[in-house]
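Residue-level listing of the chains:
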Amino acid sequence: MHTFLEETLEHLISKHGTVSSLTLVCPSKRAGSYLKHSLRSLVKKTDFSPEIISIEELIEEISGLQIIDNSELLFKGYEAYIQSSRKDEKDSFDVFSTWATTLLNDINEIDRYLIPPKQFFNYLSSIQDLNHWYLKDQKTPLIEQYLKFWNGLYDFYSTLKESLLKSSLGYQGLVYRKAAEDIEHYIAANPEIYHVFIGFNALNLSEQTIIQELLETGNTEVYWDIDNYFFNDESHSASYFIRKYCSEWNYYTSYEPESVKHYFSHEKQFRFIESQKDIGQVKYIGEALSKLSNAELDQTVIVLGDEQLLIPLLHSIPKNVKEVNVTMGVNLKAFPMVLFFESLLLLHRKDSESYYYKDILALMHHPVASILLKDVGVITSRINTENLSYISLDKLLMISDQEDSIRIELLFESWKNDSRMAVQYCLKLIDILKDSLERSQLEYAVLYELFNIFHRIEELNQDYNFLKTPHEILQLFSELVSKTTLDIMGEAHRGLQIMGVLETRALDFKNVFITSVNEGILPSGKSNASFITYDLKKQFGLPLFTEKDAIYTYHFYRLLHRAKAITLLYSNVSEGLHTGEKSRFIAQLEINKLDQHDHERVLISPDIPYKDSVLKSIPKSDSVLDRIKELAAIGFSPSSLTAYMRNPVDFYYKKILGIDEYQEVEETVAANTLGTIVHDTLESFYKPLENSKLSIELLKEMKKRVPSEIKAQFEKTYKEGDYTKGKNLIVFEVAKRYILNFIAHEIRELKQGNQIEIIRIESKLKTEIQIPELDFPVYIQGKIDRLDSFNGQLRIIDYKTGSVKQGDVEIIRWEELTQDYKYHKIVQILAYALMIKNEIDFDHAFAGIISFKNLNSGFLRFGVKTTPKSKREQLIDHDVLKTYIREVKKLILEICDPDIPFIEKEIL
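Note that residues are indexed from 1 along each chain, following the sequence as it is written. Restriction of local features to residues with pLDDT of at least 70 applies here, the model being predicted, together with a cutoff of 80 or more for giving and counting side-chain atom pairs; totals for whole chains, interfaces and linings are based on all residues. Values reported for side chains reflect all heavy atoms of the structure, with hydrogen atoms and water molecules removed beforehand.

Novice: Break down the overall build of the protein for me, with residues and values.
Specialist: Counting its secondary structure elements, the protein contains 36 helices and 28 strands. To get the radius of gyration, use the C-alpha atoms; to get the globule rule, take the number of residues to the power 0.38 and multiply by 2.2 Å. The globule rule puts the C-alpha radius of gyration for 908 residues at 29 Å, and the 40 Å found for the protein is more than 25% above it. In terms of principal-axis extent, the alpha carbons of the protein reach across some 120 × 70 × 60 Å. Any two residues whose heavy atoms approach within 4.5 Å are treated as being in contact. In the protein, the proportion of contacts linking residues at least 24 apart, taken out of those at least 6 apart, comes to 78%. To be clear on the numbers: accessible area is Shrake-Rupley with a 1.4 Å probe, and residue cover counts the displayed protein chains and nothing else. For the protein, the exposed area adds up to about 44,200 Å²; of that, 49% sits on carbon and sulfur atoms. The centroid of the 106 positive side-chain charges in the protein is displaced by 6 Å from the centroid of its 133 negative side-chain charges. Numbered from the N terminus, helices here are DSSP runs of H or I no shorter than four residues, and strands are runs of E no shorter than two. Only four residue types enter the tally: Lys and Arg on the positive side, Asp and Glu on the negative side, with His and both chain ends excluded. Note that the charge is assigned to NZ on lysines, CZ on arginines, CG on aspartates and CD on glutamates.

Okay, here's the thing in structure tokens:
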């Protein structure tokens, strides 16, 4: 394949004999590198190399200015903003930076297109004044300030320009304007230099002025990379700019444009790949690359419409690809090390004596924390077990390993809202990490870039002293990180090439893969990141979104000129801001071109095999059976039996394997915590009253102690959690109300003439169940909430802080008792009755539940019905317990049966 650069060089050698005396100007340094590589293979004898420079290097040479980086420009901009003559109150640096980037981009555009600044800014402020015109004589102070801002823009522009020129610096637009103004001096000073401009397309007005002036000297040439197919089509935007220059420039009234070729009509193979997800595109490319030879890979480029696909793409490259060159580099934000320092700066964005536990855990769970600290697990475990919502440095030092104290202080010591301290602490942490990483690791390279970023921030702050707080450091850090890439070393002219769209300028490849050919990506669509209105841009000749679309159109079609195999990939999924609509470029090819070329359409859809949902089945091994015997000897609790009823697999995980739910900080008091607090409060009140009768005076005295006792129980159970505000304060009041209502209920019972004697409170019970089928003893054990005598009748009471209704403690068919989880409350209260029966031989008793959410229903007694409408029998006697034992035996035999696995139940 003959590339554009090779053809241009051949033409120059043929015309001039040698190119050593020429100055070759390219759109980018990469294009210049490829030009030099092509020259090496074309020149047959030893000769001096021509000067090969990028357009920016030429502009800097003509203007005598150096282009300033965007970070320093922001500081220079703020310096100019402070010095400008506006007398109103100035924004702080962090507020300034939120709008200054957009303004500086607009100023850059104004200068590149040689717009008269005073006239432009006066026009812009007049538009804003008209936008806020109304009938009232007086404008509001807010509107006055707003209009002052627009009226002061020319003053800001002039101050910034003057400051930069004094230092021989300039943002890109200013350097271009200065070059356009000084081009005649440059020509006069360098009459012997022969310039050749190669591969340009969309030129700003400064570039147009410079090139036209140089063309008039007679020792300048321009080689356009355009195909005749587009050049002769006046409706096609791919040739919009070059046609415009050829029709408007004086030079082309006498000369024909160079390098208009006829390659696009040559035979090509198109593939259109429709993917359901972005990741499907890179997986398809990986599969396609695996079928290419080394020679074909040397002529292959992957152009990423969406550069965020770079990392997935690198992971998808097959093993046969030995050499890869990534031109755009990997954005630093993609690496975990960066996220760690971002989280650290977020933690310190406000000066505080204590930190929110989630912010601390975000740092502790980060991989970098395990490099810095000896035992991160100890800290996270203590935070969870002690329920610490807000944690001070002293507390962190107390719960961490002593060897980690210095590093804990670096991470969590207050930065006193001081930007300099923030940078110094980050640099100290980088220094520690540097000694912990191997130089060959990728993270070491990332760490080096982070060191450069923080060092750059430190230098800027020393020079300008505008950054006052860690929050401002975070803003600048995020901006610098977003613009910093980690270069991946590779051979620039050999092997597979991976590029962004703009990096393909003037380069040609035989095999072309372009990803994300979707509307909104290729082309990128409209952008609102500008203070300049559409009509103002049109009035002053600034580029509109249609012209920016034309730039992408040119780059897209230019890649196809000489290519033979073209694969265009796009996503069909609408997600976030992406519509899932294929690009108009594909639609144009389908309409105008595909009837002349071989083409193929492929829809990538993942193979999703249909599988029936299979419930887990866990067989009982010898070790599992041994564990069941241990549980039987200790005693099955009512809750463990009901856990098995609900889902045998959950019983296996919790009771057999001993896997508890992950413990985490309880920000809001959980339902089980509330239940514990209520139970413990009642135990504290009623335990001293065992074997004594209740009295109204005693209960009234008890009511007075409720607030203090609830507070004590909260501090015991909720540990260091805060219950003095928010939802937790509501829960605290609910717990207090539950206890007060319950005591009031007891007082009402006594006032009605009833007698209540407390027998046992929170008493531990255990009894054996005789099961002849098993060769080991089986016990059930538990803790009864309350056993009392109500008017001489024994009552077995279970407290519930949740809502319970009478129907929840009634049963019709006994055989369903252990089969249906809705009877789990009956299983519990009858288990307590059975254990009490073995200690206190009663003829009959009542067992039931007191529900604090349904306290008006009083004591909800267990009952048996023969039919749904029949009268229920409430007394628990020998026959009831005998029937209960029969059903519970079935359940325990199933648990202990080695031939019955733990089979998962679907929980609705």
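Novice: Help me get a handle on the packing of aromatic side chains, residues and values and all.
Specialist: Pairs were defined over the aromatic rings of Phe, Tyr and Trp, the Trp ring being its six-membered one, requiring ring centres within 6.5 Å. Orientation was assigned from the angle between planes: stacked under 30 degrees, edge-to-face over 60, tilted for the rest. A full pass over the atoms with the stated rule returns 59 aromatic pairs. Between Phe-75 and Phe-466, the ring centres sit 6.3 Å apart and the planes meet at 15°, which makes this aromatic pair stacked. Residue Phe-75 is found in helix α4 (residues 70–83), and its partner Phe-466 is found in the loop between α23 (442–464) and α24 (470–483); the two are separated by 391 residues along the sequence. Remark: exposure states derive from per-residue accessible area (1.4 Å probe, protein chains only) relative to the maximum for the residue type, with buried under 20%, exposed over 50%, and partly exposed in between. Judged by relative accessible area, Phe-75 falls into the buried class, the value being 0%.

Novice: Got a sec to walk through a negative patch on the surface? Specific residues and values, please.
Specialist: Where like charges cluster on the molecular surface, the negative patch consists of Glu-51, Glu-56, Glu-57 and Glu-61. Looking at which element gives the most residues to the negative patch, the answer is helix α3 (residues 55–63), with three residues. Mapped onto the elements of the fold, Glu-61 is located in helix α3. Owing to a relative accessible area of 43%, Glu-61 belongs among the partly exposed residues under this scheme. Nonpolar side chains (Val, Leu, Ile, Met, Phe, Trp, Tyr) within 5 Å and like charges within 9 Å form the patches, drawn only from residues with over 30% relative accessible area and no salt bridge. The rule for a salt bridge is simple: a side-chain nitrogen of Lys or Arg has to be within 4 Å of a carboxyl oxygen of Asp or Glu.

Novice: Requested: an account of the side chain of Ser-637, with residues and values cited.
Specialist: With respect to the helices and strands, Ser-637 occurs in the loop between α28 (622–634) and α29 (638–646). Within polar-contact distance, the side chain of Ser-637 engages the side chain of Ser-639 at 3.1 Å. Here a polar contact means two N or O atoms within 3.5 Å. Within protein one must be a hydrogen donor candidate and the other an acceptor candidate, and residues neighboring in sequence count only if both atoms are side-chain atoms.

Novice: Talk me through the packing of helix α16 (residues 336–347) against α24; I want residue IDs and the actual numbers.
Specialist: A pair of packed helices is captured by two measures, namely the crossing angle of their axes and the spacing between those axes. Running from amino to carboxyl end, α16 crosses α24 at an angle of 160°, the nearest separation of the two axes being 10 Å. The orientation of α16 with respect to α24, classified from their angle, is roughly antiparallel. Our pair here, α16 against α24, has a crossing hand that is left-handed. For the pair α16 and α24, the contacting residues are Val-338, Phe-341, Glu-342, Leu-345 and Leu-346 in the first and Ile-473, Leu-474, Phe-477, Ser-478 and Val-481 in the second. Here an angle of 0 to 180 degrees is reported between the N-to-C directions of two axes, which are lines fitted to C-alpha atoms, with helices fitted over the stretch in contact. The labels follow the angle: roughly parallel below 35 degrees, roughly antiparallel above 145, roughly perpendicular from 65 to 115, and oblique for the rest. Handedness of each helix crossing follows the sense of rotation of the near helix against the far helix: counterclockwise by less than a right angle gives left-handed, clockwise gives right-handed.

Novice: Let's hear about the side chain of Thr-567: which residues, and what values?
Specialist: Among the secondary structure elements, Thr-567 is positioned in strand β17 (residues 565–571). On the basis of relative accessibility, which here comes to 3%, the residue Thr-567 falls in the buried class. Not counting chain neighbours up to four residues away, the residues in contact with Thr-567 comprise Arg-271, Ile-273, Tyr-284, Val-512, Phe-513 and Ile-514.

Novice: If you had to explain the pattern of salt bridges to someone new, which residues and values would you point to?
Specialist: Enumeration according to the criterion identifies 45 salt bridges in this entry. Lys-704 is the partner of Glu-701 in a salt bridge, and the nearest nitrogen-oxygen pair spans 3.8 Å. With Glu-701 and Lys-704 both in helix α32 (residues 696–704) and three residues apart, the pair spans about one turn of that helix. Of the residues examined, Glu-701 reaches a relative accessible area of 44% and is grouped as partly exposed. A relative accessible area of 63% means that Lys-704 is categorised as exposed. Asp-798 serves as the salt-bridge partner of Lys-800, at 3.3 Å between the closest nitrogen and oxygen. Here the salt bridges share partners, and the residues they tie into one network are Glu-7, Asp-225, Asp-508, Arg-558 and Arg-562.

Novice: I'd like a description of the sheet that holds strand β15 (residues 496–500), backed by residues and values.
Specialist: Whether two strands pair comes down to DSSP finding at least two bridges between them. One open sheet holds the seven strands; their spatial order is β10-β15-β9-β16-β17-β8-β18, and the pairing between them is parallel. Of all strands in the sheet, those with a lone pairing partner are β10 (324–326) and β18 (598–604), marking the two edges. Across this sheet, the average inter-strand angle for adjacent strands is 15°, counted without regard to direction.

Novice: Quick one: what's the story with the nonpolar core, residue by residue and with numbers?
Specialist: Nonpolar core, defined: a set of buried Ala, Val, Leu, Ile, Met, Phe, Trp, Tyr and Cys residues in which side-chain atoms within 4.5 Å join the residues together. In this structure, Phe-120, Phe-341, Ile-383, Phe-412, Ile-457 and Phe-477 are the most contacted members of the largest nonpolar core, which totals 119 residues. Among the elements that line this core, the one with the most residues is helix α22 (residues 419–436), at ten residues. Discounting residues that sit within four places of it in the chain, Ile-383 has contacts with Tyr-357, Ile-360, Leu-361, Leu-388, Ile-391, Ile-399 and Val-665. Formed by 80 residues, the second largest nonpolar core is a distinct cluster that contains Leu-22, Ala-180, Ile-198 and Cys-246.

Novice: Provide a residue-level description of the pairing of β15, including the pertinent values.
Specialist: Where burial is concerned, most of β15 is hidden: five out of the five residues are buried. In β15, alternate side chains face the same way, and those of Leu-496, Ile-498 and Gly-500 on one face and Gln-497 and Met-499 on the other are all buried. Bridge count between strand β9 (residues 300–304) and β15: four bridges; the pairing is parallel. Each bridged residue has a counterpart across the sheet, and for Val-303 the counterpart in β15 is Met-499.

Novice: Run through unusual backbone geometry, naming residues and quoting values.
Specialist: The residue after Leu-522, namely Pro-523, is reached through a cis peptide bond having omega 0°. Mapped onto the fold, Pro-523 is located in the loop between β16 (511–515) and α25 (534–540). Positive phi is not limited to glycine here, since Lys-416 has a value of about 55°. Considering the arrangement of structural elements, one finds Lys-416 in the loop between α21 (405–412) and α22. Note on Lys-416: relative accessible area 55%, which makes it exposed.

Novice: Outline a positive patch on the surface, listing residues and values.
Specialist: A grouping of Lys-700, Lys-703, Arg-737 and Lys-751 is seen on the molecular surface, where their side chains present a positively charged patch. With respect to the helices, strands and loops of the structure, Lys-751 is situated in helix α34 (residues 726–751).

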